[in-house]
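The primary structure of each chain is shown beneath.
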Amino acid sequence: MDLFLNGGIVLTSLYGRHCLTLQDFTAEEIKAILDLAARLKEKQKKGEAHPLLAGKTLAMIFQKPSTRTRVSFEVGMWQLGGFALFLSSQELQMGRGEPIKDTAAVLSRYVDGIMIRTFDHKEVEELAAFASVPVINGLTDLLHPCQVLADLMTIEEKFGGLKGVKVAYLGDGNNVAHSLLIGCSKMGLDIAVATPEKYRPNAQIEEKARANALKSGSRIVITADPVEAVKNAQVIYTDVWASMGQEKEKQERKKLFSPYQVNSNLVEAAAPGAVVMHCLPAYRGEEIAAEVIDGERSIVLDQAENRLHAQKGLMALLMGK
Ligand code: CP
Ligand code: NVA
């Protein structure tokens, strides 16, 4: 089937590749994923079949809970004419110590792609090193690239383009902040990240983002001041203060992060008409005020929906031919 890209030319450079981080993709490749995602969204809304992955199978390994990632990958594979298997790591031999490299090699004999959500990013790198099918990072402690593909798609829909849009991310310098830094700097969006000093983004990620920005023209600010970050921002973005695996730190983090709560005052300090994003799950009254996430500026449900479409674009380009 024609992947209807770039005026009909099929983009093949992504075929067979992994998606561990958006850093591995060029701006053109990310654009191709987003364009295909938009076309597939249109087709899905019109009820037109688009079986780009007919007969193909995706294995999904989860070492952490998930609502959006699991459902959007599973439904996405189904809509593309394929099938997805949910594999909880507890029920895999991996959970009893079977080496990742054996799991990777064996699954590669059965399926056409592997999605994994886990803690240590190195595990995903190892899985990819020993898999002969594309491996997709469904979130690690370090990165969440599929989330940011959906976020970029949502921003493009709202603003009609990506270049020059300013995103302010407030809260923890975590996996979502890291992938946003990479994604925005690749695609020419300006990004300001405000976190407490102790929770600044990873220095290597920052370095990569700054190098990307030199190419794309994106402007990057990393600060401890939430008001400075939201100044002129058209998008205000936040995420949980304690990520999966950090539950024990919740109380301590709550105190330190309270000045970074996305509430009406901070929204007022941003550009007029700024929209509010959150990757979800959200904790009202902590990182985001209820009146903001449930208010008219919030686009969190469009963002959540776009997980489905963006990942369909991604899977079709990595796993289809
Ligand atoms: N945003 C996100 O990845 O949600 P889940 O944890 O529900 O998959
Ligand atoms: N930073 C959050 C994102 C959840 C989608 C976490 O890792 O738990």
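Structure's up top.
Residues numbered from 1 in each chain as written. Chains lettered and ligands numbered in written order. Predicted model: local features only at pLDDT ≥ 70, side-chain atom pairs only at ≥ 80, totals over all residues. Heavy atoms only, no water.

J.: How do you make sense of the site of ligand 2 when you look at a structure like this?
T.: Surveying the vicinity of ligand 2 reveals the residues Leu 139, Asn 174, Asn 175, Asp 239, Val 240, Ser 243, Met 244 and Leu 280. For ligand 2, a nitrogen atom lies 2.6 Å from a polar atom in the side chain of Asp 239. Measuring from a nitrogen atom of ligand 2, one finds a side-chain N or O atom of Ser 243 at 2.7 Å. Grouping the amino acids of the shell around ligand 2 by side-chain chemistry returns four nonpolar, three polar and one charged. (Near = heavy atom within 4 Å. Polar contact = N/O pair within 3.5 Å; in protein donor to acceptor, adjacent residues only side chain to side chain. Nonpolar A, V, L, I, M, F, W, Y, C, P; charged D, E, K, R; others polar.)

J.: Would you take a moment to explain the pattern of salt bridges for this structure?
T.: Oppositely charged side chains may form a pair once their charged atoms are brought near each other. Overall, the coordinates contain 17 salt bridges when judged by the stated rule. Here Lys 46 and Glu 42 are joined by a salt bridge, their closest N and O atoms 3.8 Å apart. Of this pair, Lys 46 and Glu 42 are both found in helix α1 (residues 27–46), four residues apart, which corresponds to roughly one turn of the helix. Salt-bridge contacts for Lys 198 lead to Glu 252; the nearest nitrogen and oxygen are separated by 3.4 Å. Taken together, the residues span a long stretch of sequence, with Lys 198 in the loop between β6 (190–194) and α7 (203–216) and Glu 252 in helix α9 (residues 250–257) at a distance of 54 residues. Here Lys 198 falls in the exposed class, since its relative accessible area comes to 60%. Among the residues examined, Glu 252 registers a relative accessible area of 45% and is labelled partly exposed. (Salt bridge = Lys/Arg side-chain N within 4 Å of Asp/Glu carboxyl O. Helix = DSSP H or I, 4+ residues; strand = E, 2+ residues; numbered from the N terminus. Buried < 20%, exposed > 50% of the residue type's maximum accessible area, 1.4 Å probe, protein only.)

J.: Please explain the site of ligand 1 as it appears in this structure.
T.: Near ligand 1 you find Ser 66, Thr 67, Arg 68, Thr 69, Arg 117, His 144, Gln 147, Cys 279, Leu 280 and Arg 307, and these make up its full shell. In this structure, an oxygen atom belonging to ligand 1 sits 2.8 Å away from a side-chain N or O atom of Arg 117. Here an oxygen atom of ligand 1 sits 3.0 Å away from a polar atom, N or O, in the side chain of Arg 307. When isolated, ligand 1 has an accessible area of 260 Å², and the protein chains bury 96% of it. Per-class residue counts for the shell around ligand 1 are two nonpolar, five polar and three charged. (Areas by Shrake-Rupley, 256 points an atom, 1.4 Å probe, with all protein chains shown as cover.)

J.: Can you walk me through the sheet that holds strand β8 (residues 235–238) in this structure?
T.: Strand pairing in a sheet is mediated by backbone hydrogen bonds. Such pairs are either parallel or antiparallel. Pairing is parallel across the open sheet formed by five strands, whose spatial order is β7-β6-β5-β8-β9. Of all the strands in the sheet, just β7 (220–223) and β9 (275–278) have a single pairing partner and so form its edges. Mean inter-strand twist for the sheet, computed between neighbouring axes without regard to direction, equals 20°. Relative to β9, β8 is paired through four bridges, and the arrangement is parallel. Note that in β9 the partner of Ile 236 across the bridge is Val 276. (Pairing = 2+ DSSP bridges. Axes fitted to C-alpha atoms, helices over the stretch in contact; angles between N-to-C directions.)

J.: Looking at this structure, how should I read helix α2 (residues 68–79)?
T.: Every α-helix winds through 3.6 residues per turn, so residues three or four apart in the chain are directed the same way. Its 12 residues give α2 an end-to-end C-alpha distance of 16 Å, which sits within 8% of 16 Å, the value for a rise of 1.5 Å per residue. Considered for burial, the residues of α2 that qualify are Thr 69, Ser 72, Phe 73, Gly 76, Met 77 and Gln 79. Around the axis of α2, the buried residues are gathered within 160° of arc, so they sit on the same side. (Expected span 1.5 Å × (residues − 1). Arc of directions from axis to C-beta.)

J.: Sorry if this is basic, but what is going on with the sheet that holds strand β4 (residues 135–137) here?
T.: Judged by pairing direction, the sheet is parallel, and its four strands sit side by side in the order β2-β1-β3-β4 without closing on themselves. With partners counted over all chains shown, the strands left at the sheet margins are β2 (83–88) and β4, one partner each. The average angle at which neighbouring strand axes cross in this sheet is 20°, direction not considered.

J.: Any chance you could explain the packing of aromatic side chains here in plain terms?
T.: The description of an aromatic ring pair uses the distance of the two centres, along with the angle that the planes make with each other. Scanning the model with the defined rule gives four aromatic pairs in all. Following the ring pairs from residue to residue traces out a cluster consisting of Tyr 199, Trp 241 and Phe 257. (Phe/Tyr/Trp six-rings, centres within 6.5 Å; stacked < 30°, edge-to-face > 60°.)

J.: I tried to follow the nonpolar core on my own but got confused; where do I start?
T.: The nonpolar side chains of a soluble globular protein tend to be buried with one another. Residues Phe 25, Leu 58, Leu 189, Leu 314 and Met 315 are the most contacted members of the largest nonpolar core, which totals 62 residues. Apart from the residues lying within four places of it in its own chain, the contact partners of Leu 314 are Cys 19, Phe 25, Ile 33, Ile 136, Cys 146 and Leu 149. Leu 170, Ala 192, Val 230 and Ala 282 belong to the second-largest nonpolar core, a separate cluster that totals 22 residues. (Core = buried A, V, L, I, M, F, W, Y, C linked by side-chain atoms within 4.5 Å. Contact = heavy atoms within 4.5 Å.)

J.: Explain the side chain of Lys 56 to me, please; I cannot follow it from the model alone.
T.: Mapping Lys 56 onto the fold places it in the loop between α1 and β1 (57–62). If sequence neighbours within four positions are ignored, Lys 56 has contacts with Met 77, Gly 82, Phe 83, Asp 112, Met 319 and Gly 320.

J.: Explain the side chain of Gln 79 to me, please; I cannot follow it from the model alone.
T.: For Gln 79, the position within the fold is in helix α2. Residue classification places Gln 79 among the buried residues on the basis of a relative accessible area of 18%. Not counting residues within four places of it along the chain, the set of residues in contact with Gln 79 comprises Gln 44, His 50, Leu 308 and Lys 312.

J.: Explain the packing of helix α3 (residues 100–110) against helix α4 (residues 121–130) to me, please; I cannot follow it from the model alone.
T.: The geometry of a pair of packed helices is captured by two quantities: the angle between their axes and the separation between those axes. Where α3 meets α4, the closest approach of the two axes is 8 Å, and the angle between their N-to-C directions is 45°. With respect to their mutual orientation, α3 and α4 come out oblique. Judged by the twist between their axes, the crossing of α3 over α4 is right-handed. Mapping the contact onto sequence places Ile 100, Lys 101, Ala 104 and Ala 105 in α3 and Glu 123, Glu 126, Leu 127 and Phe 130 in α4. When grouped by side-chain class, the residues that make up the contact of α3 with α4 number five nonpolar, no polar and three charged. (Parallel < 35°, antiparallel > 145°, perpendicular 65-115°, else oblique. Left-handed = near helix turned anticlockwise from the far one by under 90°.)

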